[in-house]
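One letter stands for each residue in the lines below.
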Amino acid sequence: MFSVKIICVGKLKEKFYIEGVKEYAKRLGAFCKLEIEELAERRLEGTPSPAEISAALKKEAEDIRSRIPRDAMAVAMCIEGKEMDSTEFAGLIDGCGVQGISRLCFIIGGSNGLDKDLKTQCKIRLSMSKMTFPHHLARVMLLEQIYRGFMINSGGKYHK
C-alpha cells in the first residue's frame, strides 16, 4: 500500500485544526497508510536575530532529516516552491507509482519555515500559494489536497 508521511514542526492545539486533520486522515485510510509526526518547534525569545532563527532552523532540520524514511520522496512545503493545481498534484502522486516510489514524505516547517539546506536536499519543493498561511492550517490544506489527489486518480467524484 502507498505510504504518506507528514513531518510537521509544531503541535496542533486548536480543536478545529485537530478535527480537520482527523477527518482527512480517516478519508485517506482508503488510499494510503498515513503517518503524521509532530516535532517540537525550537523556542526563540523576544525578537530573535536572523542568526538565531537560522540556528534554530538548522536544529529542527536535523530532527526532520532523522525522521524522513530512506525510501521516501521528500517534499518540502515552502512558499518559494513550485505551485501546482490539484490535477498536477494528483499526477505527482500517481507518478510516484510509475517510478516505483511507494512512499511520499511531506515536510511542513514551523512559524519560521524550513532550513534552506533541508529544502535544497528535498526532491521537490512545493508551494500551496504565494499567500502566507498559518503552518497549522497548511497541514489541513495539504491533507485535503492529498485526499483530492487520490480521488482524482481513482476517478472519484470529489474533484470538480
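Everything discussed here concerns the structure shown above.
This structure is a prediction, so every number in the text was calculated from the model and none was measured.

## Comments concerning the pattern of salt bridges
- Summed over the entire model, instances satisfying the criterion amount to 16 salt bridges.
- Linking Asp 71 and Arg 103 is a salt bridge whose minimum nitrogen-to-oxygen distance equals 3.4 Å. Of this pair, Asp 71 sits in the loop between helix H2 (50-65) and strand E3 (73-83) while Arg 103 sits in strand E4 (residues 103-108), and the two are 32 residues apart along the sequence.
- Classification of Asp 71 as partly exposed rests on a relative accessible area of 48%.
- Of the residues examined, Arg 103 reaches a relative accessible area of 25% and is grouped as partly exposed.
- A salt bridge links Glu 80 to Lys 119; its shortest N-O distance comes to 2.6 Å. Note that Glu 80 is positioned in strand E3 and Lys 119 in helix H4 (residues 116-121), a separation of 39 residues in sequence.
- Residue Glu 80 is classed as partly exposed on the basis of its relative accessible area, which comes to 48%.
- Lys 119 gets classed as buried once you look at its relative accessible area, which sits at 13%.

## Looking at the environment of Arg 148
- Mapped onto the elements, Arg 148 comes out in helix H5 (residues 135-154).
- Distance from Arg 148 to Tyr 24, taken between C-alpha atoms, is 9.9 Å for residues 124 residues apart in sequence.

## Thoughts on the nonpolar core
- Counting residues in hydrophobic clusters, the biggest one holds 30 residues, and the most contacted among them are Ile 6, Phe 106 and Ile 146.
- Every element with two or more residues in this core is listed here: strand E1 (3-9), helix H1 (15-28), E3, helix H3 (86-98), E4, strand E5 (124-127) and H5.
- Looking at which element gives the most residues to this core, the answer is H5, with 7 residues.
- Ignoring sequence-local partners within four residues, the contact set of Ile 146 consists of Val 4, Ile 6, Leu 28, Phe 89, Ile 93 and Phe 106.
- Membership of the second largest hydrophobic core comes to 14 residues, among which are Val 9, Ala 72, Ala 74 and Cys 105.

Basis of the calculations
Here the residue numbering is sequential within each chain, running from 1 through the sequence in written order. Restriction of local features to residues with pLDDT of at least 70 applies here, the model being predicted, together with a cutoff of 80 or more for giving and counting side-chain atom pairs; totals for whole chains, interfaces and linings are based on all residues. No hydrogens and no water enter the side-chain calculation; it runs on all heavy atoms of the structure. We define a salt bridge as a contact between a side-chain nitrogen of Lys or Arg and a carboxyl oxygen of Asp or Glu at a distance within 4 Å. Helical segments are the DSSP runs of H or I of at least four residues, strand segments are the runs of E of at least two, and each set is numbered from the N terminus. Classification of residues uses two cut-offs on accessible area relative to the type maximum, computed with a 1.4 Å probe and protein chains only: under 20% is buried, over 50% is exposed, and between them is partly exposed. For our purposes a nonpolar core is just a set of buried Ala, Val, Leu, Ile, Met, Phe, Trp, Tyr and Cys residues, chained together by side-chain atoms within 4.5 Å. Note on definitions: a residue-residue contact is assigned when non-hydrogen atoms from the two residues lie within 4.5 Å.

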